[in-house]
Amino acid sequence: MKSILKNKIKTAFVALAMVGITSSCEVTDLQPANIIPDAEAFADGNRVNAAVLGIYESAQRGFYLGAVQRGYPFGAASTQQGDMRGEDMYNDQLFYEITYINGQNPQTANNNGQWISLYRMINRANIVIENLPIAQTSGAITTEVMNQFMGEALYLRALAHHELVLYFSRPYSDDPSAMGIPYRTFAINDVSKVGPGEAVGRGTVQQVYTQLLADLDEAEGLLNSSTNPFRAQKGAAIGLKARVKLHMKDWAGVLTEYNKLVGKYSVTANPLAPFRSGGITSDNIFSFENTQNSNPGVNGALANMYGNPNLGARGLVKISPLIWRASFWHPEDTRRSIRGTADGLVSQGPLGMFTNKYIDNTTFSDKSIIMRFSEVVLAAAEANARLGNTAASITLLNSVRSRALPATVPAYTAASFANTDALIDAIINETRIEFLAEGRRFPNIHRLSGEGRMAGIPPKATSRSITGIAFYTGTGTIPTDHSLPYASNLFIWPIPLVEIQTNVSAPLTQNPGY
């Protein structure tokens, strides 16, 4: 791990100060942190703000095989990883086939890139966290500004660690005492910190979740109440807590967080709206911003990876015919609307159906959406169902579903479901539809498999076999493959081999089976 940690000894400073609260800026790593005194790096408000923006930059377009602009850890690449681990989006080319067919090993570049880029992001957050009180004491920033920046850094640190524990550890819903991931709470900005950094072990999943909630509780108390979706604010911390508590099966806790957001956010009447209007709607809680001048590049842009090749995109990932033909997806649902005279959510080509959520494959300005209020609403619907609050659960479910259906389609009622399990299944399926092509499928497979509700990763349409629209219209038989039982070691990713080999003082324990 020494070589990885030494690569992390890069500061999170940006070359240009931010111009306005929602703008992006070009970002440049400077020399190793031990060459730039912290007193200089955090000497005035603009530099402090630049350091905070450096955390966002490392999330927006992080590390991949020594390069940036590949969509890790929170760009198109990581979104595809979440989708390719599930069955609702389809692998059409070689690019993500290893993930799609569960063929990863400790040297797989995509998984390793995710691990390394997340810990680089975490280290930048920790550098900022340690230096903000110094900047405040020196008069470079006010206490109010320090609190906001501290809350942002804590939120981003928690977001990164949760992503890691979802992919590299067994679910909390199965065994909280299972091996977690190293939760780093101090900066590695000097060679002397490498040893202590190596000594941070994996701990347990329970310990990871305990620290996640501690970071998010503190962030919530520090952050402002703005609804700007491009800088972390109170709603972002609350939304992420709802997500974390859903994975913990803390149903009452999910409802506590949901109730804090009621009245501040709302589900948009048009399901397409969160992906237009510059990503600023009542549904958008938090996103990483991309612009023409600051984006993950051609290999990390959402529109380029997910878009229709007929419209100039690369089209690596398309909608699976399995969900397109699923009986639970109503044929009149506007989330099936085809791009044409109207700006639909789906783009049809001769090879199949592609999402139309992301459309800018020229300047790559589509936002990387991390949290929408719709997710919290459906989490609350599930939590209510689990607690036996059937009427409240159905009301929340209908608030997402019915706005996508014509008035002639009746809303769900209690009579629509044979039992509570059927209601929960409907909520889970609604989540699959609403968040199609947003990378949210595997996180749900992860938690639901852990509790035994799913048997693991379901069968998928066979990789690179869906070659025409007939598979979507029902005239073609869908070949399936690539299911994975929950008990398989491949259900979670391996710790990168380089991480284990280069940590000479306290090597991390590899996940079983690798």
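Each remark here, short or long, concerns the structure printed above.
Worth saying up front: this structure is predicted, and the values here are computed from it rather than measured.

## Description of the overall build of the protein
Right, so step 1: Scanning the protein from terminus to terminus reveals 19 helices and ten strands.
Right, so step 2: On C-alpha atoms alone, the protein measures out to a radius of gyration of 22 Å, which is about the 24 Å that the 2.2 N^0.38 rule sets for 514 residues.
Right, so step 3: Each principal axis of the C-alpha atoms in the protein carries an extent, and together these give about 65 × 45 × 45 Å.
Right, so step 4: Each of the 514 residues in the protein was classed as buried or not, and the buried ones make up 62%.
Right, so step 5: The long-range share in the protein, meaning contacts at least 24 apart out of those at least 6 apart in sequence, stands at 73%.
Right, so step 6: Averaging the coordinates of the 43 positive side-chain charges in the protein and doing the same for the 42 negative ones gives two points 3 Å apart.

## Quick word on helix H16 (residues 420–434)
Right, so step 1: Taking 1.5 Å per residue, 15 residues should reach 21 Å; H16 reaches 21 Å between its end C-alpha atoms and fits that length.
Right, so step 2: Contacts from the buried residues of H16 go to helix H13 (321–324), strand S6 (368–372), helix H14 (373–386), helix H15 (390–401) and helix H17 (441–450).
Right, so step 3: Its side-chain oxygen at 3.2 Å from the backbone nitrogen of Asp421, Asn419 defines the N-terminal cap of H16.

## Focus: the nonpolar core
Right, so step 1: Formed by 105 residues in total, the largest nonpolar core has its most connected members in Trp115, Tyr155, Tyr209, Ile285, Phe286 and Phe288.
Right, so step 2: Once residues lying within four places of it in the same chain are set aside, the contact partners of Tyr209 are His162, Val165, Leu166, Tyr172, Val244, His247 and Met248.
Right, so step 3: Of all hydrophobic cores here, the second largest spans 32 residues; its members include Tyr90, Ile323, Tyr358 and Ala437.

## Some words on the pairing of strand S5 (residues 352–355)
Right, so step 1: Where strand S4 (residues 346–349) meets S5, four bridges bridge the pair, whose relative direction is antiparallel. The residue bridging Gln348 from the neighbouring strand is Met353, located in S5.
Right, so step 2: The loop that links S4 with its antiparallel partner S5 comprises two residues.

## Brief notes about the packing of H14 against H15
Right, so step 1: Contact pair H14 / H15: the axes reach a minimum separation of 8 Å and the direction vectors enclose 155 degrees. The angle between H14 and H15 falls in the class roughly antiparallel. Note that H14 runs across H15; the crossing there is left-handed. Residue-level inspection shows Ser374, Val377, Leu378, Ala380, Ala381, Asn384 and Ala385 of H14 in contact with H15, the latter providing Ala392, Ser393, Leu396, Leu397, Ser399 and Val400.

## Points about the side chain of Gln60
Right, so step 1: Within the element layout of this structure, Gln60 appears in helix H3 (residues 45–60).
Right, so step 2: On the accessibility criterion, Gln60 (4% relative accessible area) is buried.
Right, so step 3: Side-chain polar atoms of Gln60 contact the side chain of Asn290, separated by 3.0 Å.

## Notes on H14
Right, so step 1: Taking 1.5 Å per residue as the helical rise, H14 with its 14 residues ought to reach 20 Å, and the 20 Å between its terminal C-alpha atoms agrees with that figure.
Right, so step 2: Taking burial as the measure, the 14 residues of H14 include 13 buried ones, the bulk of the element.
Right, so step 3: Of the residues flanking the end of H14, it is Gly388, one or two places downstream, whose phi is positive at about 85 degrees.

## Considerations on the pairing of strand S2 (residues 284–288)
Right, so step 1: Extensive coverage of S2 is indicated by the burial of five of its five residues.
Right, so step 2: Where S2 lies against S6, four bridges are found, and the strand directions are antiparallel. Counterpart to Ser287 in the pairing with S6 is Ile369.

## Let's talk about the packing of aromatic side chains
Right, so step 1: This structure, assessed with the given rule, holds 21 aromatic pairs.
Right, so step 2: Here the aromatic rings of Tyr155 and Phe286 are separated by 5.1 Å at their centres, their planes lie at 75 degrees, and the arrangement is edge-to-face. You can see Tyr155 sitting in helix H7 (residues 143–168) and its partner Phe286 sitting in strand S2, a full 131 residues away along the chain.
Right, so step 3: Residue classification places Phe286 among the buried residues on the basis of a relative accessible area of 0%.
Right, so step 4: Ring pairs connect the aromatic residues Trp115, Tyr119, Tyr167, Phe168, Phe442, Tyr486, Phe491 and Trp493, which therefore count as one cluster.
Right, so step 5: Here the basic side chain of Arg336 rests over the ring of Trp324, its NZ or CZ set 4.2 Å away from the ring centre.
Right, so step 6: When the ring centre of Tyr412 is taken as origin, the NZ or CZ atom of Arg401, which lies over that ring, is 3.9 Å away.

Reading guide: rules and limits
- Residues numbered from 1 in each chain as written.
- Predicted model: local features only at pLDDT ≥ 70, side-chain atom pairs only at ≥ 80, totals over all residues.
- Heavy atoms only, no water.
- Helix = DSSP H or I, 4+ residues; strand = E, 2+ residues; numbered from the N terminus.
- Rg over C-alpha atoms; globule rule 2.2 N^0.38 Å.
- Buried < 20%, exposed > 50% of the residue type's maximum accessible area, 1.4 Å probe, protein only.
- Contact = heavy atoms within 4.5 Å.
- Lys, Arg positive; Asp, Glu negative; His and termini not counted.
- Charge placed at Lys NZ, Arg CZ, Asp CG, Glu CD.
- Expected span 1.5 Å × (residues − 1).
- Polar contact = N/O pair within 3.5 Å; in protein donor to acceptor, adjacent residues only side chain to side chain.
- Core = buried A, V, L, I, M, F, W, Y, C linked by side-chain atoms within 4.5 Å.
- Pairing = 2+ DSSP bridges.
- Axes fitted to C-alpha atoms, helices over the stretch in contact; angles between N-to-C directions.
- Parallel < 35°, antiparallel > 145°, perpendicular 65-115°, else oblique.
- Left-handed = near helix turned anticlockwise from the far one by under 90°.
- Phe/Tyr/Trp six-rings, centres within 6.5 Å; stacked < 30°, edge-to-face > 60°.
- Lys NZ or Arg CZ within 6 Å of the ring centre and 35° of its normal.

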